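# Observations on chain architecture
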Amino acid sequence: MRRTYLRTFLREYGPFALLVLLTFAAWECAARLKLVPAFILPAPTAIWTAMLEQRLLLFGEHLPATLQEVLLGFVLSVCCGVLLGTGMHMFSPLEKALYPLLVISQTIPLIALSPIFIMWFGYTLWSKVAVVFLTAFFPVVIGTYDGLHKSGAVYKELLLTLGANRWQILRKTQIPPALPSLFSGLKLSIVYCVIGATIGEWLGGSRGLGYFSRRMAGNLQSAEMFAAVFLLSALGIVLFLSIKLLENIILQKRGIHR
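Below or above, wherever it landed, is the structure these notes cover. Position labels on residues start from 1 in each chain and follow its written sequence. Side-chain atom pairs in this predicted model are given and counted only at pLDDT of 80 or more, local residue features only at pLDDT of at least 70, and totals for whole chains, interfaces and linings cover all residues. Each side-chain value is derived from all of the structure's non-hydrogen atoms; neither hydrogens nor water enter the calculation.

## Topic: empty space enclosed by the protein
Take a probe with the size of a water molecule and roll it over the atoms, and the empty space left behind shows itself. Inclusion rule: Both site types are read off a 1 Å grid over the protein atoms alone. A 1.4 Å probe that fits but cannot get out defines a cavity, while an open set with protein on both sides within 12 Å along at least five of seven lines defines a pocket; lining residues have an atom within 4 Å of a point. Grid points are joined across faces, edges and corners, and a volume is the space filled by probe spheres set on the points. Going along the chain from the N terminus, every DSSP run of H or I of four or more residues is numbered as a helix, and every run of E of two or more is numbered as a strand. Note that Gly is not counted as nonpolar here; it falls among the polar residues with everything else outside the nonpolar set of Ala, Val, Leu, Ile, Met, Phe, Trp, Tyr, Cys and Pro and the charged set of Asp, Glu, Lys and Arg.
A complete count under the given rule lists one cavity of 30 Å³ or more for this structure. Reported here for the largest cavity is a volume of approximately 40 Å³. Around the largest cavity, the lining residues are S114, F117, I118, S127, K128, V131, G200 and G204. Elements represented by at least two residues in the lining of the largest cavity include exactly α5 (110-121), α6 (125-149) and α8 (166-204). A per-class count over the lining of the largest cavity returns three nonpolar, four polar and one charged.

## Here's the deal with the pattern of salt bridges
We apply this condition: Salt bridges are identified by distance alone: a Lys or Arg side-chain nitrogen within 4 Å of an Asp or Glu carboxyl oxygen.
If you walk through the whole model with that rule in mind, you get three salt bridges. K244 is the salt-bridge partner of E247, the closest N and O atoms lying 3.6 Å from each other. Residue E247 and its partner K244 are both found in helix α10 (residues 222-254); the two are separated by three residues, about one turn of the helix.

## A few points about a nonpolar patch on the surface
Rule in force here: What goes into a patch is any residue over 30% in relative accessible area without a salt bridge, connected to like charges within 9 Å or, for nonpolar side chains (Val, Leu, Ile, Met, Phe, Trp, Tyr), within 5 Å. Methods summary: accessible areas were calculated by the Shrake-Rupley approach with a probe of 1.4 Å, and residue burial reflects only the protein chains presented.
On the surface, L188, V191, Y192, I195, I237, F240 and L241 cluster together to form a nonpolar patch covering roughly 580 Å² of accessible area. Of all the secondary structure elements, the ones that give two or more residues to the nonpolar patch are α8 and α10. Here F240 lies in helix α10.

## Details of the side chain of T144
Here is the rule: Here a polar contact is recorded for every N or O atom pair within 3.5 Å, except that within protein the pair must consist of a potential hydrogen donor and a potential acceptor, and residues adjacent in sequence are included only if both atoms are side-chain atoms. By the convention used here, residues are in contact when the closest approach between their heavy atoms is within 4.5 Å.
Of note, T144 is situated in helix α6. Engagement of the side chain of T144 in a polar contact is seen with the backbone oxygen of V140, the distance being 2.8 Å. Setting aside residues up to four positions removed in sequence, T144 forms contacts with G81, V82, G85, T86 and L182.

## Observations concerning the nonpolar core
To keep it simple, the criterion reads: We define the nonpolar core as a collection of buried residues of types Ala, Val, Leu, Ile, Met, Phe, Trp, Tyr and Cys that are connected through side-chain atoms lying within 4.5 Å of one another. Accessibility here uses a 1.4 Å probe with only protein chains present; expressed as a share of the type maximum, an area under 20% marks a residue as buried, one over 50% as exposed, and anything in between as partly exposed.
Membership of the largest hydrophobic core comes to 28 residues, with the highest contact counts inside it found for L58, V70 and L186. Looking at this core, the elements that each hand over two or more residues are α2 (44-53), α3 (55-90), α6, α8, α9 (209-218) and α10. Ignoring sequence-local partners within four residues, the contact set of V70 consists of V132, I190, C193, V194, A197 and L239. In terms of nonpolar packing, the next biggest core, distinct from the first, is built from six residues, L84, L102, V141 and Y145 among them.

## Re the packing of α2 against α3
Selection criterion: Every axis corresponds to a line fitted to the C-alpha atoms, with the helix fit spanning only the stretch in contact, and the corresponding angles, defined between N-to-C directions, vary from 0 to 180 degrees.
Interaxial distance between α2 and α3 falls to 4 Å at its minimum, and their mutual angle equals 65°. When α2 is examined against α3, the residues M51, L52 and E53 are found in contact with a partner set consisting of R55, L58 and F59. Of the residues assigned to the contact of α2 with α3, the class counts are four nonpolar, no polar and two charged.

If you want it as structure tokens, here you go:
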């Protein structure tokens, strides 16, 4: 059993793992041979050492602050995005009025809106949450709307002839097939949340990994800065895999195959 699992893992992720190892080995060699200045690209071992030295700040203060912003923004974006996407699907005038506005909202540079949120909410948690929400809201709305819009057409007429109302049609024949599309939006959204939190902390924060990396960059402490960037990447990967795991569990219980 273990050998079968190991073979499956190596077949699926072996090339990726090999590429990562070779990349880090080449990176370490280039840094040790001083082909690139250390303040521009520190060695992976130097980044690891800096992470251990700064672990109390990174793991005790800044990582929890960023995670709080990410989770709050994600929960708000999911609640509002699912409700709005469902409403746009069920009410055509709402879709015609809001869909263009949603697209237009994504053309505005997020970095230009961050100072506005700071003016509205101050240098508080909610200014960063607002940036996260605006970043993560769009994929959830579109994933929900597109999933519902493309599902349930086969059985809709049949249920109407049997006297089903719109809510019953939505619950029985449209929501289950729309789940893969919704989870695609959620996986994009959770990654965007990490980006939004980092931008918010860069522009107006006193805590968080984005703030820490900006402060280290200003002091030319590149190893510490890369340590924060590595943690941000790891946070995004863990959250993405968590949504992926939840997707697999729910879709498997409902017998839905992607």
